[in-house]
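Here is how the chains run, residue by residue.
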Amino acid sequence: MPDHAHSSDQAVQTQLDRLAALSPGRDILGLERIAELCARLGNPQLQLPRNFHVAGTNGKGSTCAYLRAILEAQGRKVHSYTSPHLVRFNERIRLAGMLIDDALLAALLEEVLDEAADLQASFFEVTTAAAFLAFARIPADDCIIEVGLGGRLDATNIIPPPAVAGIASLGIDHEAFLLAPEAGTPDDPAMRIAWEKAGIIKPDTPVATLAYPPHIRDTIAAKVADVGATLFPQGEGWTVEAEGDAFRWISKLGSVALPLRPRMTGAHQMANAGLAIAMLRLAPDPQPTEDEIARGVASAFWPARMQLLGTGPLTALLPEQTEIWLDGAHNVDAGLALARKFAAEPRRIHLVTGMLANKDPAAIIAPLTGQLASLTVVPVPGHEHHGAEAFGAGASAAASITDALRDLDVDPGRELVLIAGSLYLAGVVLDLNSEWPA
């Protein structure tokens, strides 16, 4: 399903309307169209600065945020390409540290769309080509590229071997696209996911990963051996250890003491930060100092990932002192991360959720069983989504996030509110609360 996008800039909206018409209701995997499109544009993917390629089911966006924050603490200019956007399409393309402006975005999309007219290119392919074109034309020191879907056949995988590849947390998601039978691929769903993500690994490329169960680790290791890459996994190559409010990154390449845990909440964020540090320690010089790494990790932020909402029109609907947490969690791995976050929380949780029709409600509900004070299901605007009946007998329905929050009866001392289930829903929440990603 393509990501719906709207802009207050008419020139951008004209191109977004053209973009939305390319692959209605479909995600299209494969490298043939993006290769031809990039060739028509002068192969901008071959003209990128030093780049880092990051795949994973969950955590890849946060890993990219840590990479960018550390590199910027080092004084480097950094491009980044991430998806999906939450509020504005511009969030996908960051040029030398700043979100792409409307005038340049409109011009780039128009140029790429004109070249793609007869290719049946997808929404994501055109977006990727536009990002590569911007990265090739505007000077920067580094480029961070987040995989969109899978890895092996994702449009971003048209790039030549990066400086370093990274693979974040792995779990089951997007099964309809990643688990189709194919000769020579693993039968086990988890192994198939790992095999697809490992498709970004290229010859002579150092690869940093998190720790995985043996069958997943072996799947990735086999790809590394097959192409002649170098593996640097958590556990064997590097690790992180909590030390009170601080933590330490330890490896055979040296250690880094970090006086503060990541700004982003959740135990999994130490691992995501550790993965980013591992990638940077594998990269060619110049290396960031220990102080630059510490400052980057402390400042990194990625919206809608365990985010405590600030004061705004939406939070004003609830009693003062009410905590409202926002997370885009929509699969089992992310649901378990939510459960770990709130495991020691004595307060009950009012869960407001909206999930796409191709997601499993149990992924979010089951890990939080026993902690819920209420469960309210809302639509995900612009997308096919589950109704309240999919969440069981205890779920109620509301017509919107605003209605759901207005109808809650929350005791701030004993209860909190969690909004989760979809990054698309998270974007609606941030927009309504006037917390646009910057």
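This text goes with the structure placed above it.
Just so it is clear, the structure is predicted and the values come from calculations on it, not from any experiment.

As for unusual backbone geometry
- Between S83 and P84 the backbone carries a cis peptide bond, its omega angle lying at -5°.
- On the secondary structure map, P84 appears in the loop between strand 2 (78-81) and strand 3 (93-95).
- Here the amide bond leading from D285 into P286 is cis, since omega sits at 10°, within 30 degrees of zero.
- Within the element layout of this structure, P286 appears in the loop between helix 9 (268-282) and helix 10 (290-299).
- Phi is positive for N43, which is not a glycine, with a value near 55°.
- A positive phi angle, near 75°, is found at Q321, a position not held by glycine.
- Within the secondary structure layout, Q321 lies in the loop between strand 12 (307-308) and strand 13 (324-326).

Some thoughts on the side chain of E345
- The residue E345 is located in the loop between helix 11 (332-342) and strand 14 (348-353) in this model.
- Once residues lying within four places of it in the same chain are set aside, the contact partners of E345 are Q371 and L416.

Observations concerning the pattern of salt bridges
- The full count for this structure, using the stated rule, is 19 salt bridges.
- R295 is the partner of D291 in a salt bridge, and the nearest nitrogen-oxygen pair spans 2.9 Å. Within this pair, D291 and its partner R295 are both found in helix 10, separated by four residues, close to a single helical turn.
- Of the residues examined, D291 reaches a relative accessible area of 47% and is grouped as partly exposed.
- A salt bridge links D403 to R406; the shortest N-O distance between them is 3.3 Å. Here D403 pairs with R406, and both are found in helix 13 (residues 401-407), just three residues apart, close to one helical turn.
- On the basis of relative accessibility, which here comes to 28%, the residue D403 falls in the partly exposed class.
- When salt bridges that share partners are traced, they join E36, R40 and D118 into one network.

What counts, and where the lines are drawn
Residues numbered from 1 in each chain as written. Predicted model: local features only at pLDDT ≥ 70, side-chain atom pairs only at ≥ 80, totals over all residues. Heavy atoms only, no water. Helix = DSSP H or I, 4+ residues; strand = E, 2+ residues; numbered from the N terminus. Contact = heavy atoms within 4.5 Å. Salt bridge = Lys/Arg side-chain N within 4 Å of Asp/Glu carboxyl O. Buried < 20%, exposed > 50% of the residue type's maximum accessible area, 1.4 Å probe, protein only.

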